[in-house]
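Working through the structure, step by step
Residues per chain are reported as follows:
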Amino acid sequence: MAASVAAAPPLTLPERAARVMARCDALAAFTEEPGRITRPYGAPAAIGARQSLAQWMLDAGMETRIDAVGDLCGQLNGSIPDVPALLLGSHFDSVRDAGRYDGLLGILVSIEAIDRLRLTTGRAPFPIDLLAFADEEGLRFQTTYLGSCALAGAFDPAFLDLTDANGVTLREAMTLFGGNPAGLASMALNPGDAFAYVEVHIEQGPYLESVAAPVGVVTAISGQTRILLSLTGEAGHAGTVAMHLRRDPLPAAAELVLAAETLARQTRGLLATIGTIDAEPGASNVIPGRVSLSLDVRHPEDAVRAIAVETLHARASAIAAARALDLEWRIARDHPAVPCDPALIARLGHAVAATGHPVEHLPSGAGHDAVTMSAVVPVAMLFVRCAGGISHQPAESVTVDDVAVAIDVLDHFLASLAHEGRS
Ligand code: HGY
Ligand code: MN
Ligand code: MN
């Protein structure tokens, strides 16, 4: 006769937080660049990370599936006819040379809160869908928010023809990633499918640290415009073409970089970043023929951002004209500022208070999938303090104690919805 095996006791909150930290460490190994974390959409590293996340979702009692974009969707309670779902989520792609918490922390905290709800409070009277988005950063195709765009019914089919640095189309990458370009349109949420989208994320700024709070409730997310531009002149020999005869686009790019910095410094709240610059053909004894740059412009107010983008476009045109260069200016993504839902903000605030911590409110300067989701469902976000506000680089860091608070807050939030209903 087989010996009876006692069920393992449920994990404590500190054990769950430690598990989240260990899982962030484990997922850091899924990278396309040895020695640093770089996990673009659709890459083998993303497939590996998605497999681990899927296993942990299954362990937490969820059913899982891959959607048309390649997002991983975990579901607790299945679908209940005519009962809108609660959506939780964040992303598992990364920037180049990333930290280990941006995006993944929110997915892993949500897994713990869902598991805890299942094992303690019992099942909620509504489905809970955990969305692990496959592309939020836009590293590979400069697209950003691919998964949430499709869910929000905002996926532009023209995106499918975008190519990565190796000429692979998004259509090809999506198929290889287990997605289905033909299924994108039917992915869109219908009215009544969901009643809220809630995302846990590291703050990526220094505010929570400055007020000694482990978590904070987000009020709104700044708008952002991502521009891809190029300046084209004429390549030539570095040793023979006289300075006054050159059509060198790189000094023009330098002027534009400084113009963007100057405008942002002179405009309260405006942020302008040139994050990539590529001079072609790229040899020390060749005058560049073409320079490509990315320009990221952000402001909490859409009107200020729009004027800044127009101003910088005019400046770029003038710089190019003065040097007889051709300018290409393409707006790759343009997202308005998004307010979070007042009722969800209040409920998250109550959940924070229930854990005994101060209820801090703050805006987000970083973009999140909540931006796109806000078109179809009320959204809210919980930020977790990170050391020095450092993010988008390897020094990104959170404490296990703060992660425990985030799990606890999300647990209280879920339990309040489960017990009190949605109103
Ligand atoms: O760019 C952003 O704000 C986000 O991290 N993707
Ligand atoms: Mn990010
Ligand atoms: Mn993120």
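Keep in mind that this is a model prediction, so the values were computed, not measured. Going along each chain's sequence as written, the residues are numbered from 1 onward. Each chain takes a letter, starting from A, and each ligand takes a number, starting from 1, following the order in which they are written. Local features in this predicted model are restricted to residues whose pLDDT is 70 or higher, and side-chain atom pairs enter the listing and the counts only when it is 80 or higher, whereas totals over whole chains, interfaces and linings include all residues. Computation of side-chain values: all heavy atoms of the structure, hydrogens and water removed.

**Regarding the site of ligand 1**
We call a residue near a molecule or strand when any one of its heavy atoms sits within 4 Å of it. The environment of ligand 1 is formed by E136, E137, Q224, R298, A366, G367 and H392. In protein, a polar contact means a hydrogen-donor-capable atom and an acceptor-capable atom, both N or O and within 3.5 Å, with residues adjacent in sequence counting only if both atoms are side-chain atoms; elsewhere, any N or O pair within 3.5 Å suffices. At a separation of 2.9 Å, a nitrogen atom of ligand 1 approaches a polar side-chain atom of E136. Class assignment for the residues of the shell around ligand 1 results in one nonpolar, three polar and three charged. Three classes are used: nonpolar for Ala, Val, Leu, Ile, Met, Phe, Trp, Tyr, Cys and Pro, charged for Asp, Glu, Lys and Arg, and polar for all others, with Gly counted as polar.

**Description of the domain arrangement of the chain**
Residue ranges assigned to each domain were obtained from an automatic or database domain assignment. According to the domain assignment, the chain contains domain 1 (13-221 + 337-420) and domain 2 (223-335). Relative placement of domain 1 and domain 2: their C-alpha centres are 33 Å apart. Contacts between the two partners involve 15 residues from domain 1, matched on the other side by 12 residues from domain 2. We define buried area as the total accessible area lost by two parts upon association, computed with a 1.4 Å probe and summed across both. Of all residues in domain 1, the largest losses of buried area upon contact with domain 2 belong to Q142, T144 and A337, amounting jointly to 50% of the total for that side. Take a side-chain nitrogen of Lys or Arg and a carboxyl oxygen of Asp or Glu: if they are within 4 Å of each other, that pair is a salt bridge. On the surface where domain 1 and domain 2 come into contact, there are zero salt bridges. Here the side of domain 1 that touches domain 2 is built from residues that sort into eight nonpolar, six polar and one charged. Any two residues having at least one pair of non-hydrogen atoms within 4.5 Å are treated as being in contact.

**A word on the coordination of the manganese ion (ligand 3)**
The manganese ion (ligand 3) binds to the protein through H91 (NE2), D102 (OD) and H201 (NE2); the donor distances cover 2.0 to 2.2 Å. Each metal's donors are the N, O and S atoms within 2.8 Å of it, or within 3.2 Å when it is Na, K or Ca, and because water is not part of the set, sites may look incomplete. Linear spacing of the donor residues for the manganese ion (ligand 3) on their chain is H-x10-D-x98-H. Between the manganese ion (ligand 3) and the manganese ion (ligand 2) the interatomic distance amounts to 3.4 Å, and D102 serves as a bridging ligand to the pair. In this pair, H91 sits in strand β3 (residues 85-91) while D102 sits in the loop between β3 and α3 (104-121), placing the two residues 11 residues apart along the sequence. A run of H or I in DSSP becomes a helix once it reaches four residues, and a run of E becomes a strand once it reaches two; helices and strands are each numbered from the N terminus.

**Brief notes about the coordination of the manganese ion (ligand 2)**
A metal bound by six donors in octahedral fashion has ideal angles of 90 or 180 degrees, whereas one bound by four tetrahedral donors has an ideal angle of 109.5 degrees. The protein atoms that coordinate the manganese ion (ligand 2) are D102 (OD), E137 (OE) and H392 (NE2), at distances spanning 2.1 Å. Read in sequence order, the donor residues for the manganese ion (ligand 2) give the motif D-x34-E-x254-H. Three labels apply to residues, based on accessible area from a 1.4 Å probe with only protein chains included: buried if under 20% of the type maximum, exposed if over 50%, partly exposed otherwise in between. Taking the relative accessible area as the measure of exposure, H392 reaches 40% and is therefore partly exposed.

**So, unusual backbone geometry**
Between E280 and P281 the backbone carries a cis peptide bond, its omega angle lying at 5°. Positionally, P281 belongs in the loop between β10 (277-280) and β11 (286-287). Here the phi dihedral of N77 falls at roughly 85°; this positive angle occurs in a residue that is not glycine. As for its placement among the helices and strands, N77 is situated in the loop between β2 (72-76) and β3. Judged by its relative accessible area of 18%, N77 is buried. The phi dihedral of D97 falls on the positive side, at around 55°, and the residue is not glycine. Along the polypeptide, D97 turns up in the loop between β3 and α3. Judged by its relative accessible area of 24%, D97 is partly exposed.

**Overview of helix α8 (residues 302-322)**
A helix is expected to span 1.5 Å multiplied by its residue count minus one. Taking 1.5 Å of rise per residue, 21 residues should cover 30 Å, and α8 covers 30 Å from first to last C-alpha, within 8% of that figure. For α8, the elements touching its buried residues are β7 (223-232), α7 (249-266), β12 (290-299) and β13 (326-335). A324 sits one or two residues past α8 and shows a positive phi near 55°.

**Focus on the side chain of E199**
Tracing the chain through its elements places E199 in strand β5 (residues 194-202). Under the counting rule used here, the positive set is Lys and Arg, the negative set is Asp and Glu, and His together with the chain ends is not counted. No salt bridge is formed by the buried E199. Its closest oppositely charged neighbour is R298, at 12 Å. A distance of 3.3 Å separates the side chain of E199 from the backbone nitrogen of A370, its partner in a polar contact. In this view, E199 contacts G89, S90, H368, D369, A370, A380, M381 and L382; residues no more than four positions away in its chain are not counted.

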